[in-house]
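# Architecture and fold: a report
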Amino acid sequence: MSGKILVIGATGNVGRPLVRELVAAGEQVKAASRAATVISGAEAIRFDQADPSTYQDAFNGVDRVYVLVPSDRLDVADYLTPILQAAIERNVKVALQTALGVDADERTPYRQAELFLERSGTPFVIVRPTWFSDNFHLSWLPGIKAQGVIAVPAADGKSSFIDVRDIAASAASALRSNQFDGKAYNLTGPASLSYHEAAKILSTVAGKEVRYHPVDDQTFIGILTGVGMPADFASHLASLFYPVREGWTAVVADGVETLTGKPPRSLETYATDHAAKFKN
């Protein structure tokens, strides 16, 4: 593989550390975003999934692409299909990020996208991360800082939280080697934790008590819409906690170590590395 690597969503939570990983490894990287935002060491390229005129420049000289759906998009199939089709037509290897557990139901949009890719004949790797450790500062930080509370509808469910740096490292390995082609990998952290246990870990680094306050779906939706989130997206986020309550996100998998040769970071490591964010 001697061509460039195209990273879709290069300015996002996974895309940015992935670009850093690939650049550090000596790869030629095209960092794609709607604003062609410059990321050190990479070639900034304008890419808009809804604008076919941006596809040719984005894929020019590329033999591998990392594809994911932005966190604010609900139209998974509509978003992914044209990008995957463009890669397939050009015989570009695809590393596709979906989510843990999507293979349990072939009717889900993410699984449909996986099947479309699997049946295409183009080289691929699928990575399925679980809940991000980084959600504690990306999503729940205002409540943690203001009230010392994590209020989510997880009940007593557990999740094997994964650091986005481990997702990026796993993706980089999948893109840089052929040995993982044709397979899907579940990406999790090293341990399954409840939100009560996560709150205790965050308390240690925050220098104050952080408590987990379980809420029901409607209360959670009300919290999110109260700070300006659209109701449909708030409802979508609430629905994601159903698998948590059912225990489906408690699985601990070896995908990170298989892809990178290193164990995944613990939630304690994540919290320590981001400690400054949780202190008032």
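The structure contained in this document is the topic of the report that follows. (Residues numbered from 1 in each chain as written. Predicted model: local features only at pLDDT ≥ 70, side-chain atom pairs only at ≥ 80, totals over all residues. Heavy atoms only, no water.)

## Some words on the pattern of salt bridges
For clarity, the cut-off: In what follows, salt bridge is the name for a side-chain nitrogen of Lys or Arg lying within 4 Å of a carboxyl oxygen of Asp or Glu. Classification of residues uses two cut-offs on accessible area relative to the type maximum, computed with a 1.4 Å probe and protein chains only: under 20% is buried, over 50% is exposed, and between them is partly exposed.
Summed over all chains, the structure comprises 15 salt bridges. Put simply, Arg46 and Asp51 hold a salt bridge, and the shortest N to O gap is 3.5 Å. Here Asp51 falls in the partly exposed class, since its relative accessible area comes to 21%. Close ionic contact of Arg107 with Asp105 constitutes a salt bridge, the shortest N to O distance being 3.0 Å. Under the relative-accessibility criterion, Asp105 is labelled partly exposed at 25%. Each member of the salt-bridge network shares a partner with another, and the members are Asp103, Arg111, Glu114, Glu118 and Arg128.

## Observations regarding the nonpolar core
Inclusion rule: Throughout, nonpolar core names a set of buried Ala, Val, Leu, Ile, Met, Phe, Trp, Tyr and Cys residues whose side chains join them through atoms within 4.5 Å. The helix and strand labels rest on DSSP assignments: H or I over at least four residues marks a helix, E over at least two residues marks a strand, and numbering proceeds from the N terminus. Contacts between residues were defined by any pair of non-hydrogen atoms, one from each residue, lying within 4.5 Å.
Judged by nonpolar contacts, the single largest core of 34 residues is most densely connected at Phe136, Ile150, Val152, Tyr195, Phe220, Phe241 and Phe278. For this core, the secondary structure elements donating two or more residues are helix 6 (141-147), helix 8 (195-206), helix 9 (217-226), helix 10 (231-239), helix 13 (267-273) and helix 14 (275-278). Here the element with the most residues in this core is helix 8; it accounts for seven residues. In contact with Phe241, not counting residues within four places along its chain, are Trp131, Trp140, Val152, Pro153, Ala154, Tyr195 and Phe220. The next biggest cluster of nonpolar side chains, apart from the first, holds 30 residues, and it includes Val19, Ala42, Ile167 and Val256.

## Topic: helix 4 (residues 109-118)
Buried within helix 4 are the following residues: Tyr110, Arg111, Ala113, Glu114, Leu115 and Leu117. On its buried face, helix 4 sits against helix 3 (76-89), strand 5 (93-97) and strand 6 (124-129).

## Focus on the packing of helix 3 against helix 4
Our working definition: For every element, the axis is a line fit to its C-alpha atoms; helices are fit only across the contacting stretch, and the angle between N-to-C directions ranges from 0 to 180 degrees. Oblique is the label for every angle not falling under 35 degrees (roughly parallel), over 145 degrees (roughly antiparallel), or within 65 to 115 degrees (roughly perpendicular). Each residue gets one of three labels, nonpolar for Ala, Val, Leu, Ile, Met, Phe, Trp, Tyr, Cys and Pro, charged for Asp, Glu, Lys and Arg, and polar for the others, Gly among them.
The geometry of helix 3 relative to helix 4 is characterised by a closest axis approach of 10 Å and an angle of 10 degrees between their N-to-C directions. One way to sum up the angle between helix 3 and helix 4 is to call them roughly parallel. Along the contact surface, helix 3 presents Val76, Ala77, Leu80, Thr81, Leu84, Gln85 and Ile88, while helix 4 presents Pro109, Tyr110, Ala113 and Phe116. For the contact of helix 3 with helix 4, the class distribution of residues is nine nonpolar, two polar and no charged.

## Quick look at the layout of surface pockets
For clarity, the cut-off: Using a grid of 1 Å spacing that covers the protein atoms alone, one calls a set of points a cavity when a 1.4 Å probe fits there but cannot get out, and a pocket when the set is open and has protein on both sides within 12 Å along at least five of seven lines; lining residues are those with an atom within 4 Å of a point. Grid points are joined across faces, edges and corners, and a volume is the space filled by probe spheres set on the points.
Taken as a whole, the second largest pocket encloses approximately 280 Å³ of empty space. Mapped by element, the contributors of at least two residues to the lining of the second largest pocket are helix 7 (164-176) and helix 12 (255-260). Per-element accounting of the lining of the second largest pocket gives the leading share, six residues, to helix 7. Partitioning the lining of the second largest pocket into residue classes produces seven nonpolar, three polar and six charged.

## Description of the environment of Arg176
Filter applied, for reference: Two N or O atoms form a polar contact when they lie within 3.5 Å of each other; inside protein one atom must be a possible hydrogen donor and the other a possible acceptor, and for residues adjacent in sequence the pair counts only when both atoms belong to side chains.
Secondary-structure assignment places Arg176 in helix 7. A distance of 2.9 Å separates polar atoms of two side chains, one belonging to Arg176 and the other to Glu27.

## With respect to the sheet that holds strand 2 (residues 29-33)
Keep this limit in mind: By the convention used here, strands pair only if DSSP detects at least 2 bridges between them.
One open sheet holds the seven strands; their spatial order is 3-2-1-4-5-6-9, and the pairing between them is parallel. On the outer flanks of this sheet lie strand 3 (43-46) and strand 9 (183-187), each paired with one strand and no other. Averaged over neighbouring strand pairs, the angle between their axes works out to 20 degrees when direction is ignored. Relative to strand 2, strand 1 (residues 4-8) runs parallel, the two being bridged by four bridges. In the strand pairing of strand 2, Ile8 is matched with Ala32. Most of the contacts of helix 4 go to strand 6, to which it runs at about 160 degrees, and overall it touches strand 5 and strand 6.

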